[in-house]
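Spelled out, the chains give:
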Amino acid sequence: MKLYLINLHLGFIFSVVFCFSVSAQDDISLDPQRNSYLHLLQQAKQLHNQYRFNQAIAICENIVNLGAATSDILDSAKLQIVACENSRNLVHYMFEPKIVGKLKVENDDFITYYDKIKNGYFAPHAKSMLMDADKGREQNLPLVFYPNENTENSNIIYFSSYGKYGKSGLDIYKIHRINDTLWSEPELLETTVNTQFDEIYPYITEDGKTLYFSSNGHYGMGGFDLFKCVRDEENGTWKQAENLGFPFSSPYDDFLYIPDNDNDYACFSSTRNCENKNIFVYKTDIILNPEYKSIDNYELLQKISNLDVFTETEITGENDDITEVNIAGLENNKDYIQMLKAARYYTNKFNETQKSLDILRNKLFDTENEEEQKNIEKQILDNENELFDMQSMVSELSIYISKSEYNFITKEIQPSLSDDLKPVVNIDFSQKKEVKINIENFGKKTSDNIRTAPNIEMKTPALTERDMFGFEITGKNIFAHNYILPAGLVYRIQVISVPADKKVESDFFKNCSPVTTELYNDLCRYYIGLFRKQSDAESAMAQLKILGFKNIFISAYNNGETITLRDAKNIESKKTQTTAESSKKTDVHVNKIYRITIGPIDPKESVVQLINGFSSGKDISKIINPDNKIIYNVGIFTTFEQAVDLRDKLINSGIASVNINEVVLNN
């Protein structure tokens, strides 16, 4: 079974540079300047992988400042700078995990080398789970985690999908069980989880409270990083994604973090230090209160990133959890040792919270989504309050420890905890039993982790107005039987009428969509297309005739009732006349104009020609946002109807993010 990793160049920047290197070989004699830029980009990526972030940034800034490169190289250089800056920030707060198992395997069945997953298994997408944009790309889809029956979260399945239109890469969706056999239609998770890039391998913990996944779109080090989202118990949504941090995340591709049910150990995978068809599977000891530190030495960062396995003596050494006593004579004073442990605990918590704050502030700076900004601001406020509490506790403990040591040295008074201090210090610092590190089964393949897809029956997704309006000839068919027509004036093309008990095979419609039906006495009428303008219907009918459809004609409706084409033309004419007259009227106090906003979209999407084709002569302005996405503003439109007309055409052409903005002009 070939898994997702073989079929997708993991990591957005990696794939860009990889594609560039291939193209450089193809045209090496045609564009030597371009090839020199490609070489610099590859050099920067190599330095990034070696944790020489400043050197990589310098190379990419040089590419940007020279300004002679093509837009794709400039975009890649800018993305590489962002990845290096993020990496530099993330290694400022890191700890060294205890890796207890490490195995290089072929990536076609890497999940079988994980410890046996007790609360579920992985399998391909069930056929009913494949959404429109998934079909034909099944080999690129990561496996789905299916919880075992009767577990706490067995009624929800999370999975990655290209979705209905495939406009934002792989996103994470969920379906929930309706009854014994039926599941809901897919629901896209919120923007705290999904980005415009790829989110893969979602794994939900047994209690349903934490979602682990990999993403190359969130704040990360480049490639796919490891993330987790915690469920907000108050409103049932997912909080902002949190990077698991270096060295779990790296400039390479890191994915599928699965903790065991007791939260003692976790398995995850990475492409670091691997050839094309191999990856490393790791087993790590989960440290509840790790000691964070900052490292700037790239050689040491490389060494830590290798995630070498700790030796038995390092793992089970007797001195691992002994707190260093500052004053001779206090080695056996339990209250004093408890104070030292508490001070270390709160210091680590302070460092961890500071790390989270820095990451959140960077995210707040990078995002333009208002809802996401509010969510991040709330988390920043919570972390700042927690940071203040940690700082106060550390300060209070430090003063008390110093006084206790002074009294012992000068007066030989043994330290003891005051009643006020006991609630602060009495924390359970017990760690897992050191000797019981179970790595006997690690690295042994288990067939239980990957199985065949279960039979899942899903509710048919409701068709939206965007699905129905327009006309297209594609490899898919959109059928809507006994479709209820929308309000207002609409047209569709009747192509065949048959007895109601006779079925027309889908091949008859020659990949034309959408197809709607209508029951009339004992007949079933079939229609293709749905239009707001008669001219659009006439254009589609001409295409259908070329395809071989005969005896077809246009039907017109107003508010669901059949009308003649002449009446429809009159309604269109009156609407146009009313619109023209209303545009001439000027309110004494206020006048309104409208603009179309498109985006943010990927720079590679060419929409200018499309806009000009639908609305020739309109002003088009372009803005590049901080995420290197493009926002287009189109117009001025003097009437709302004009703006709606262009918006509908753009949406029907496959552009997902199109909005109308109203501008009020005071006279």
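Preceding this paragraph is the structure being described.
To keep things clear, this report deals only with the structure shown in the data block. Treat the numbers as computed from the prediction; the structure is a model and nothing was measured.

Where burial is concerned, most of strand β4 (residues 156-161) is hidden: five out of the six residues are buried. Pairing between β4 and strand β5 (residues 171-176): six bridges, direction antiparallel. Across the sheet, the residue bridging to isoleucine 156 is histidine 176, located in β5.

Put simply, helix α8 (residues 334-366) and helix α9 (residues 370-411) touch, their axes get as near as 8 Å, and they point 155 degrees apart. If you check the angle between α8 and α9, you find them roughly antiparallel. Handedness of the α8/α9 crossing: left-handed. Residues of the contact of α8 with α9, tallied by class, amount to 19 nonpolar, nine polar and seven charged.

Take the sheet that holds strand β21 (residues 523-531) next. Ordered in space as β17-β20-β21-β18-β22-β23, the six strands form an open sheet in which the pairing is mixed. The open sheet has two edge strands with one neighbour each: β17 (479-480) and β23 (561-563). Looking at chain direction, strand β22 (residues 553-558) and β23 are connected through three bridges and run antiparallel. Looking at the pairing, alanine 556 lines up with isoleucine 563 of β23. The strands touched by helix α12 (residues 534-546) are β18 (489-499), β21 and β22; relative to β18, the strand with the most contacts, the crossing angle is about 35 degrees.

A cis amide bond links phenylalanine 246 with the next residue in sequence, proline 247, at an omega value of 10 degrees. Residue serine 513 is joined to proline 514 through a cis peptide bond whose omega torsion reads -5 degrees. Here proline 514 shows up in the loop between β19 (512-513) and β20 (515-520). Here asparagine 559, not a glycine, exhibits a phi torsion of approximately 55 degrees, which is positive. Mapped onto the elements, asparagine 559 comes out in the loop between β22 and β23.

Rules of the game
Residues numbered from 1 in each chain as written. Predicted model: local features only at pLDDT ≥ 70, side-chain atom pairs only at ≥ 80, totals over all residues. Heavy atoms only, no water. Buried < 20%, exposed > 50% of the residue type's maximum accessible area, 1.4 Å probe, protein only. Helix = DSSP H or I, 4+ residues; strand = E, 2+ residues; numbered from the N terminus. Pairing = 2+ DSSP bridges. Axes fitted to C-alpha atoms, helices over the stretch in contact; angles between N-to-C directions. Parallel < 35°, antiparallel > 145°, perpendicular 65-115°, else oblique. Left-handed = near helix turned anticlockwise from the far one by under 90°. Nonpolar A, V, L, I, M, F, W, Y, C, P; charged D, E, K, R; others polar. Contact = heavy atoms within 4.5 Å.

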